[in-house]
Amino acid sequence: MTEDQTPRVDDATGSPGDRWLADALADVARDPGSAARAFALAGRKVGRSALRPDEDPAGVLHGTVDDAARASLVVALADALGPDRGAALGARLADLYQHGDTAERRGVLRGLDALSERGTLDPDVAVVGTELAADALRTNDQSLVAAAVGPFAAAHLDQHAWRHAVLKLVFMGVSLDAVAGLDDRADDELARMARDFAAERRAAGRVVPDDVARLAPDVTTGPTRPDQATPGTSSTTGRSA
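What counts and how
- Residues numbered from 1 in each chain as written.
- Predicted model: local features only at pLDDT ≥ 70, side-chain atom pairs only at ≥ 80, totals over all residues.
- Heavy atoms only, no water.
- Helix = DSSP H or I, 4+ residues; strand = E, 2+ residues; numbered from the N terminus.
- Buried < 20%, exposed > 50% of the residue type's maximum accessible area, 1.4 Å probe, protein only.
- Contact = heavy atoms within 4.5 Å.
- pLDDT = per-residue confidence, 0-100.
- Axes fitted to C-alpha atoms, helices over the stretch in contact; angles between N-to-C directions.
- Parallel < 35°, antiparallel > 145°, perpendicular 65-115°, else oblique.
- Left-handed = near helix turned anticlockwise from the far one by under 90°.
- Nonpolar A, V, L, I, M, F, W, Y, C, P; charged D, E, K, R; others polar.

**Describing the environment of L182**
(1) Moving on: By secondary structure assignment, the location of L182 is in helix 10 (residues 182-185).
(2) Moving on: Classification of L182 by relative accessible area gives buried; the value is 7%.
(3) Moving on: Residues L182 and V149 lie 33 residues apart in sequence; the distance between their C-alpha atoms is 9.5 Å.
(4) Moving on: Residues in contact with L182, not counting those within four places in the same chain, are W162, V166, L176, R214 and L215.

This is the structure we're talking about:
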């Protein structure tokens, strides 16, 4: 999350949402227990618009204004709990995620990204974060899956889980622009999986998404030509990713 994506929190002349977030962050600094209420209110107070509306109008790839506000609250919570916060912070993040709606869950995941970008995470937090990311990746919600492949995932998901997360995005039709560290972590096994996925799509007479070529440059993307389909294969067959 870059500075220009985060709602202003230090400008008294800002919008009501800016001022609410500044107050909420101050409340969390004084009382970490207030984070749960602020998490629940964030969408109504700061809005739910996309952070980068021109390139990501739905806010799926790069998040929404309330995602960024909740990420700021996670950082404030971590600071309020102090240097020996590992287990306590992990437990609070798990609670916020498990009792939250989809938007609140995204906020926890984006908060983990923000903490990861600040430096090495406490092992207890990393373990909890990995479990929460794995849960998000089991869903079919595009915004949750996209939020689960950011900087935290790049640093902490094992290669097997990370590969499957990337391919799931392709299957769901979500741009791989959502993936942090794609070029650094992509490997031959991911390229093989992408080729297999493309072959299944061709066999079913379906379009091969352009993003497959980002994982396996030798794959031809786009609509399947008759000469590319596997003889005798029904257009309704094929495994899903």
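Picking up where we left off.
**So, the confidence of the model for the protein**
(1) Moving on: Taken residue by residue, the protein gives an average pLDDT of 89. The fraction at 70 or more is 87%.
(2) Moving on: Per-element mean pLDDT across the protein ranges from 95 in helix 4 (residues 86-98) up to 98 in helix 7 (residues 142-147).
(3) Moving on: Predicted confidence is poor over residues 1-12, with pLDDT under 50, and the contacts of this stretch with residues over four places away or in other chains come to 23 contacts.

**Brief notes about the packing of helix 4 against helix 5 (residues 102-118)**
(1) Moving on: Two elements in contact, helix 4 and helix 5, have axes whose closest approach is 7 Å; the angle formed by their N-to-C orientations is 150 degrees. In terms of their interaxial angle, helix 4 and helix 5 are classed as roughly antiparallel. In terms of crossing hand, the pair formed by helix 4 and helix 5 is left-handed. When helix 4 is examined against helix 5, the residues L89, L93, L96, Y97 and Q98 are found in contact with a partner set consisting of R105, V108, L109, L112 and L115.
(2) Moving on: Residue composition of the contact of helix 4 with helix 5, by class: 8 nonpolar, 1 polar and 1 charged.

**Remarks on the packing of helix 9 (residues 159-172) against helix 11 (residues 188-203)**
(1) Moving on: Where helix 9 contacts helix 11, the axes come no closer than 10 Å and their chain directions differ by 30 degrees. With respect to helix 11, the element helix 9 is oriented roughly parallel. The chirality of how helix 9 crosses helix 11 is right-handed. Across from W162, R163, H164, V166, L167, V170 and F171 in helix 9, the residues of helix 11 making contact are E189, L190, M193, A194 and F197.
(2) Moving on: For the contact of helix 9 with helix 11, a count of residues per class yields 9 nonpolar, 1 polar and 2 charged.

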